[in-house]
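Descriptive analysis of the structure
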Amino acid sequence: MQQLGTLEELPLAYRDGLTERAMVPLWPLMRAALPYDKPHRACTPHVWSWSEVRPNLLKAGDFTPIEKAERRVLILSNPGLGLDKLRATPSIFIGMQMILPGEFAPTHKHSPSAIRMVIEGKGGWTTVQGERCPMEKGDLILTPSGLWHEHGHDGKDPVIWMDALDLPAVAGLEASYAIEGNIQNTKPDADSSQTRYIRAGLVPFASLGQNRQRYPMFRFPWKDVKESLHALATITPKNSAVQLAYVNPETGEECMPVLGFSALMLRPGETLRPNRRSSSAVFHVIEGSGEANVDGKHLRFEDNDVVAIPTHADIEVSNRSTSKPCYLFQVDDAPMQRKLGFFEEFN
Ligand code: GTQ
Ligand code: FE2
């Protein structure tokens, strides 16, 4: 490849003149802006272990009442990107949130889209645009851009979940903001997963044509996802991915615009070598234990751990148990990359 001119080769007066006029020559930066063959990745493969997350969340509960936090969240920040960037990967914000019995996380809406993946505790709920969604372990709950949401907890023990937001992308566009609201009146026919969309392939007749809602279903119960994974496993050859995508039940498209969500089942002793992809991802371990090799870095994971996967990474992932399945919840930025026209999968 052609060696390009450097900044030092340019006369100092010329450089200073450019600086004064807010101009920068591209050619000394050309290879940094457009690295050859693969992007430069500061993001590192990383595991946040539940055994370290949980006690620190409980301490946050002692130190900070909900009124002083609005959302009691520990952000999983990728050390390669820098802790101040508040990103698990370049495009994915991950927060671990805890709400204690009787607490209320007040109503707001914001431009970034968010999801919750429930980890622990009974009695929690999120109301999204008037639809009250119960939170049970493994449930996925969507709070899309611009929709009112609040959380509460009627149970006895702490409720903990993982938040994923497209905040880095939205903040990178200087378009991130929130608005506070009043507590919502809940609609009587809440949680569409139990009424309008109880089975794939069936949608309310009246929803066809012009009456489409952008986000028809906010809750995806884990019970149904798990059952569907086991059904899919019966027809999936060994060492092929048993993986289901969470989609909009009316359109079959990815359920949110920027981030994509899927559930992956690793059968006992199974190893998967998925294709290298241009998207970055986060794995949350819903249940089980395993190990991964990500760009040559060996990682082990247990129940409720969170794993960061950089863009373009070579991945191998295995279930370490020879008797129990391992279930992973995957967040990736493939929907955004597809829309922007540069998503790639390499064989
Ligand atoms: O629960 O609404 O982790 O607005 C970050 C921003 C959670 C939430 C986060 C949020 C929320
Ligand atoms: Fe929020």
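Every value quoted in this text rests on a predicted model; they were computed, and no experiment measured them.

**Quick word on the side chain of Ser 279**
For Ser 279, the position within the fold is in the loop between strand S16 (276-277) and strand S17 (281-287). Assessed through its relative accessible area of 6%, Ser 279 is described here as buried. Among residues more than four places away in sequence, those in contact with Ser 279 are Pro 310, Thr 311, His 312, Asp 333, Ala 334, Gln 337 and Phe 343.

**Points about the nonpolar core**
In this structure, Ile 94, Met 96, Tyr 246, Phe 261 and Phe 329 are the most contacted members of the largest nonpolar core, which totals 55 residues. Setting aside residues no more than four positions away along its own chain, Met 96 makes contact with Trp 50, Val 53, Leu 57, Arg 72, Val 73, Leu 74, Leu 76, Ile 119, Trp 161, Met 162, Asn 304 and Val 306. Counting 17 residues, the second largest nonpolar core, distinct from the first, contains Leu 264, Leu 272, Phe 283 and Cys 326.

**Observations concerning the site of ligand 1**
The environment of ligand 1 is formed by Arg 71, Val 73, Phe 93, Gln 97, His 108, His 110, Arg 116, His 149, His 151, Asp 163 and Leu 165. Note that an oxygen atom of ligand 1 is positioned 3.0 Å from one of the side-chain N or O atoms of His 149. Between ligand 1 and the protein, one listed contact pairs an oxygen atom with a side-chain N or O atom of His 151 at 2.7 Å. Summarising the interface, the protein chains cover 88% of the accessible area of ligand 1, which totals 290 Å² for the free molecule. Tallied by class, the residues present in the shell around ligand 1 amount to three nonpolar, five polar and three charged.

**What to know about the sheet that holds S17**
Spatially, the six strands line up as an open sheet ordered S1-S20-S17-S22-S14-S13, and their pairing is antiparallel. Where the open sheet ends on each side, the last strands, each with one partner, are strand S1 (46-48) and strand S13 (242-245). Neighbour-to-neighbour, the strand axes of the sheet open up by a mean angle of 20 degrees, direction not taken into account. Where S1 lies against strand S20 (residues 306-309), three bridges are found, and the strand directions are antiparallel. By the bridge assignment for S20, Trp 48 is matched with Val 306.

**As for the side chain of Thr 89**
Relative to the helices and strands, Thr 89 is located in the loop between strand S2 (73-75) and strand S3 (93-99). We classify Thr 89 as buried; its relative accessible area is 0%. In contact with Thr 89, not counting residues within four places along its chain, are Cys 43, Leu 81, Ser 280, Ala 281, Val 282, Ala 308 and Ile 309.

**A closer look at the packing of aromatic side chains**
Taken as a whole and assessed by the stated rule, the structure comprises five aromatic pairs. Ring centres of Tyr 246 and Phe 329 lie 5.8 Å apart, and the angle between their planes is 75 degrees; this geometry places the pair in the edge-to-face category. Linking Tyr 246 in the loop between S13 and strand S14 (260-266) with Phe 329 in strand S22 (residues 326-332), this pair joins segments that are 83 residues apart in sequence. Residue class for Tyr 246 comes out buried when judged on its relative accessible area of 4%. Relative accessible area serves as the criterion here: at 0%, Phe 329 is assigned to the buried category. One cation-aromatic arrangement involves Arg 132 over Trp 125; the distance from NZ or CZ to the ring centre is 4.3 Å. If you follow Arg 338 out to its NZ or CZ, it ends over the ring of Phe 343, 4.6 Å from the centre.

Rules behind the numbers
- Residues numbered from 1 in each chain as written.
- Chains lettered and ligands numbered in written order.
- Predicted model: local features only at pLDDT ≥ 70, side-chain atom pairs only at ≥ 80, totals over all residues.
- Heavy atoms only, no water.
- Helix = DSSP H or I, 4+ residues; strand = E, 2+ residues; numbered from the N terminus.
- Buried < 20%, exposed > 50% of the residue type's maximum accessible area, 1.4 Å probe, protein only.
- Contact = heavy atoms within 4.5 Å.
- Core = buried A, V, L, I, M, F, W, Y, C linked by side-chain atoms within 4.5 Å.
- Near = heavy atom within 4 Å.
- Polar contact = N/O pair within 3.5 Å; in protein donor to acceptor, adjacent residues only side chain to side chain.
- Areas by Shrake-Rupley, 256 points an atom, 1.4 Å probe, with all protein chains shown as cover.
- Nonpolar A, V, L, I, M, F, W, Y, C, P; charged D, E, K, R; others polar.
- Pairing = 2+ DSSP bridges.
- Axes fitted to C-alpha atoms, helices over the stretch in contact; angles between N-to-C directions.
- Phe/Tyr/Trp six-rings, centres within 6.5 Å; stacked < 30°, edge-to-face > 60°.
- Lys NZ or Arg CZ within 6 Å of the ring centre and 35° of its normal.

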